[in-house]
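# Notes for the structure review
So you can see what is in the structure, the chains are spelled out below.
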Amino acid sequence: MFFRILSVFGFFFLYAPIAALVFYSFNASKLVTVWGGFSTKWYGELFGDPQILGAAWISLKIAFISASISVVLGTLAALIMVRFGRFKGRTLFSGMITAPLVMPEVITGLSLLMLFISLQGLIGWPVGRGLSTIVIAHSTFGLAFVAVIVQSRLVDMDKDIEEAASDLGARPVRVFFDITLPMILPALVSAWLLAFTLSLDDLVIASFVAGPGASTLPMVIFSKVRLGVSPDINALATIMIGIVGLGIFCATLVMLRKSSREG
Amino acid sequence: MTHPNPTDEKPWLDIDRKPFIKIRNLTKKFGDVVAVDNISLDIYENELFSLLGGSGCGKSTLLRMLAGFEIPTSGTIEIDGQNMLAVPPHARPTNMMFQSYALFPHMNVAKNVGYGLRRDGLQKAEIDIQVSEILELVQLGGYEKRKPSQLSGGQRQRVALARALIKKPKLLLLDEPLGALDKKLREETQFELINIQETLGVTFIVVTHDQEEAMTLSTRIGVMDIGTIAQIGEPQEVYEFPRTRYVADFIGSVNLFEGRVIKDSPNKLVIESPDAGINIHVPHGVSCSPNQLLWFALRPEKFEISVAKPKNVTNLLKGTVEDIAYLGGQSVYLVRLETGRLVRTVRANRDRGAEAPITWQQDVYLTWARSAGVVLTS
Ligand SMILES: Nc1ncnc2c1ncn2[C@@H]1O[C@H](COP(=O)(O)OP(=O)(O)OP(=O)(O)O)[C@@H](O)[C@H]1O
Ligand SMILES: [Mg+2]
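Keep in mind that what you see is a predicted model, and the values were worked out from it rather than measured.

## Things to note about the overall build of chain B
- Looking only at helices and strands, chain B features nine helices and 20 strands.
- When the backbone C-alpha atoms are referred to their principal axes, chain B occupies close to 75 × 55 × 50 Å.
- Expressed as a percentage of the 378 residues in chain B, the buried residues total 47%.
- Partitioning the intrachain contacts of chain B with sequence separation of at least 6 by distance along the chain shows that 63% fall at a separation of at least 24.

## Focus on the packing of aromatic side chains
- Taken as a whole and judged by the stated rule, the model has 18 aromatic pairs over all chains.
- When the centroid spacing of 6.1 Å and the interplanar angle of 15 degrees are considered together, the rings of Phe11(A) and Tyr15(A) count as stacked. In this pair, Phe11(A) and Tyr15(A) both sit in helix H1 (residues 2-24), four residues apart, roughly one turn of the helix.
- Given the relative accessible area of 48%, Tyr15(A) is considered partly exposed.
- Measuring from centroid to centroid gives 5.2 Å for Phe176(A) and Phe177(A), while their planes differ by 80 degrees, and the two rings are edge-to-face.
- Given a relative accessible area of 51%, Phe177(A) falls into the exposed group.
- Through successive ring pairs, a cluster of aromatic residues spans Phe9(A), Phe12(A) and Phe13(A).
- Here the basic side chain of Arg119(B) rests over the ring of Tyr115(B), its NZ or CZ set 5.0 Å away from the ring centre.
- Above the ring of Phe104(B), the side-chain terminus of Arg163(B) is found at 4.5 Å from the ring centroid.

## Here we look at a nonpolar patch on the surface
- Taken together, the side chains of Phe64(A), Ile65(A), Ile69(A), Val72(A), Leu73(A) and Leu76(A) make up a nonpolar region of the molecular surface, amounting to roughly 510 Å² of accessible area.
- With respect to the helices and strands, Leu76(A) occurs in helix H3 (residues 50-83).

The rules behind these values
- Residues numbered from 1 in each chain as written.
- Chains lettered and ligands numbered in written order.
- Predicted model: local features only at pLDDT ≥ 70, side-chain atom pairs only at ≥ 80, totals over all residues.
- Heavy atoms only, no water.
- Helix = DSSP H or I, 4+ residues; strand = E, 2+ residues; numbered from the N terminus.
- Buried < 20%, exposed > 50% of the residue type's maximum accessible area, 1.4 Å probe, protein only.
- Contact = heavy atoms within 4.5 Å.
- Phe/Tyr/Trp six-rings, centres within 6.5 Å; stacked < 30°, edge-to-face > 60°.
- Lys NZ or Arg CZ within 6 Å of the ring centre and 35° of its normal.
- Patch = residues over 30% accessible without salt bridge, like charges linked within 9 Å, V, L, I, M, F, W, Y side chains within 5 Å.
- Areas by Shrake-Rupley, 256 points an atom, 1.4 Å probe, with all protein chains shown as cover.
- Salt bridge = Lys/Arg side-chain N within 4 Å of Asp/Glu carboxyl O.

Structural data, given as structure tokens:
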């Protein structure tokens, strides 16, 4: 009984604000907390705002590119950790790969910023900060998540299935593309979706490594909200919830299809 | 009709013959576990060599080293005169059937079976023909489009077998290839394996738990005991002349009587066996130290069981029938000796129950030909 009450409370605090936010995004009134009838005008206003549209486009671009880079590099890291046996410094390697998971974002952001600045001083690249530095930063921490997800999938997978392929004459690279990749594909899809959403809603790291002209959506929202919450932000948030929800839904679907096929 | 030269059929008897597989001082350790312990073994071309042994004695590990999946801790493997140490699995002239089947879950049966041929770059039409031939062979025609998850255990096993057979490699390594098949299908597949071996000239190494299967299939049997090879020999040799108690007990069933030597001459050995309650006479010596502890091993079917007391026999045991198991072709009689030892004997059921004078609790006599047993010193 106690647990039931507790979980009701938990879910309430989790979802009530979100529900309220979605609800008020359809509010006709300009006052965020006063209901003034149903309207979709804030959505219209949102799509008429070039600053927000530009930021959204930048955010999506960054999320797409960095999620893709994360998946490639994270998968490589996971393969090295699981399949290449015990090499010297393996524990250190896996520790370093997964460190960004627990590192405070402020520290990650700050250290990356300092890295970029000193790199620019040393080799002249990256020139200033902008889209590419955010992509690099998001790729590094997305990589950690991807590595963990793919690693757990690889550990589950029987090694002798890959051995059977090499026994039948497939070289290691061939084995990877014929056997390993199709079998871990669902994990890669959900890892990509996770990296994508993480990048999409990151504020802290992006704020550190962004430069002029490369403000992401969360950065724009944050700066707007500081001037007072306006209802079009509610509309924007609702759209983002929709996108993220769709992503999670797809990831679950992929996972379910996979387990029903193998089970 | 010409009679083949005996060393053509039994190349292991010919010391000049080059072995096809030459294993020397092979050891594999997993941390503290010694899975394979200093094994040396020669296997010849066209052999069907069975590896037998209890669970965890290192059979799979030995096969996996031959296929290249485990790197030996020490020792060498040569296949067809070539040292295999630096050769990766995909370049070895071997194919393996895995104990776990290791089917590719995302490919259907035809794709699984044809995978090796696709890697060899064969034309699709050619692959299709060979795949359907081999699936016919393992009686899986019509299952081409199924996924492994849609097959029964025995069907999966046959897919794994077909996938290993299809490339017709020089050396086939089969890890328990027929374990999940029913008796009829198993016998047919055994027959097919022998067929393939004879027509294609493939060398087989087969791991099995089933000693009857090992007997029918193999040219030779290797009995493994925790990482080592306890005995290698032709099926009959291993069965009739086991070298240790482990081998005698592992291949078939056996009655072991412990005893001490009281007389040892070149053509006569007498063992005093408190176990049997008599002195056992054997028509050959073993040249051991006096009073040495040894074991007299006798297979159940070597006993002559009778109700009337036989005359003029040297080895005679008396006991009471404690249990009878009717097995169709033969019956097993468990006889309790006067010493309290339980002895297992087998008798063929020649008449259809008409005679059968031996029943429960009946006193019976057991005898055997003097040369029917084996004396074991370890
Ligand atoms: N990868 C491994 N890591 C550690 N120990 C292992 C590994 N593979 C096998 N072993 C150990 O080596 C020993 C031999 O194993 P192996 O699989 O060769 O036995 P087996 O004779 O094939 O047994 P079974 O008949 O049950 O298949 C066992 O004690 C096993 O626990
Ligand atoms: Mg095994």
